[in-house]
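# Fold and geometry: a report
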Amino acid sequence: MSESLMQQPLGAILDALASRAPTPGGGSVAALTGAMAAGLVSMVCELTIGKPQFAEVENELRAIHAQAEQLRAELQRLADEDIAVFNRLAAAYKLPRTTEADAATRKAAIQQITRLAAEVPLRTAQAAAALLPLCTTLANNCARLVVSDVGVAALLVRATVQSAALNVEINLAALEDQIFVRETRAQLQDLLIGLGDEVDGIVTIVRGRMVG
């Protein structure tokens, strides 16, 4: 898809996803999933701000809304960036390798763009993970009728981070720069450690409030 995903009807995105076209693929899906999680956080804020019973935390809710919208915009950009980097990588693999100089140029281009292809989903995972503290606060400070949406957002964040991690790893496997590989894996590990417990904690709060 040459146009931004954000300019496409949802049906067209799903049709492209199910087609033989390599993009959008898993990286874009991860970013879009994160953007949906951010959208749910914003929606819950919108439906809670202004209610008298939450007046004491209204400023905090407004701050959460602003952060969620920043993260949503970033994740939407990353969905498009994932496609752009894939297209650049595909073009690099098509570079000539007739001579030794050609082959060296091709290899350098592939390595450079593969590094970018690992960085984009890492940023996706980081942006999505940044939503979890917002979900924790919001789960305790929102209208009960929309608290389940906070739980859905948290579950989508987990899916986003884990999915993006797979896209990071598959690109790291093709890189020769082992210092970058180690540093990136360490960043990824920091995001994954405790992720499940944090999400489970949010869902526990949500379930408690649903029946309370």
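Residues numbered from 1 in each chain as written. Predicted model: local features only at pLDDT ≥ 70, side-chain atom pairs only at ≥ 80, totals over all residues. Heavy atoms only, no water.

### As for the layout of surface pockets
Vacant regions in the atomic arrangement are exposed by a probe of water-molecule size rolled over the atoms. So the rule is basically this: Two kinds of site are reported from a 1 Å grid over the protein atoms alone, namely cavities, where a 1.4 Å probe fits but cannot get out, and pockets, open sets with protein on both sides within 12 Å along at least five of seven lines, and residues are called lining when an atom falls within 4 Å of a point. Grid points are joined across faces, edges and corners, and a volume is the space filled by probe spheres set on the points. What counts as a helix is a DSSP run of H or I of at least four residues, what counts as a strand is a run of E of at least two, and both are numbered from the N terminus. We call Asp, Glu, Lys and Arg charged. Ala, Val, Leu, Ile, Met, Phe, Trp, Tyr, Cys and Pro are nonpolar, and the rest, Gly among them, are polar.
By volume, the largest pocket is sized at about 310 Å³. Within the residue set of the lining of the largest pocket, elements represented by two or more residues are α1 (10-17), α2 (26-48) and α3 (58-93). For the lining of the largest pocket, the element with the highest residue contribution is α2, accounting for six residues. Among the residues forming the lining of the largest pocket, the class breakdown is eleven nonpolar, four polar and one charged. A volume near 220 Å³ is recorded for the second largest pocket.

### Here we look at the environment of A127
Heads up, the rule is: To sort residues, take the accessible area from a 1.4 Å probe on protein chains only and compare it with the maximum for the residue type: under 20% means buried, over 50% means exposed, and anything in between is partly exposed. The contact rule is simple, with two residues in contact once any of their heavy atoms fall within 4.5 Å.
With respect to the helices and strands, A127 occurs in helix α4 (residues 100-129). A relative accessible area of 4% places A127 in the buried class. C-alpha separation for the pair A127 and V85, spaced 42 residues apart in sequence, amounts to 18 Å. Not counting residues up to four positions away in its chain, the partners in contact with A127 are L71, E74 and L75.

### Quick word on the environment of L47
Among the structural elements, L47 can be located in helix α2. Note: C-alpha distance between L47 and A21 (26 residues apart in sequence) is 39 Å.

### Describing the pattern of salt bridges
Stated precisely, the cut-off is as follows: Salt bridge, as used here, is a side-chain nitrogen of Lys or Arg placed within 4 Å of a carboxyl oxygen of Asp or Glu.
In total, this model carries eight salt bridges according to the counting rule given. Residues R123 and E81 are paired through a salt bridge, measuring 2.9 Å at the closest nitrogen-oxygen approach. Note that R123 is positioned in helix α4 and E81 in helix α3, a separation of 42 residues in sequence. The exposure class assigned to R123 is partly exposed, which follows from its relative accessible area of 32%. Of the charged contacts in the structure, one is a salt bridge between E169 and R185, with a shortest N-O distance of 3.0 Å. With a gap of 16 residues between them, E169 in helix α6 (residues 147-172) and R185 in helix α7 (residues 178-192) connect regions that are remote in the sequence. One connected set of salt bridges, linked through shared partners, spans R115, E119 and D177.

### Quick notes on the side chain of N171
In this structure, N171 sits in helix α6. When neighbours within four sequence positions are excluded, N171 is seen to be in contact with L89, T114, A117 and A118.

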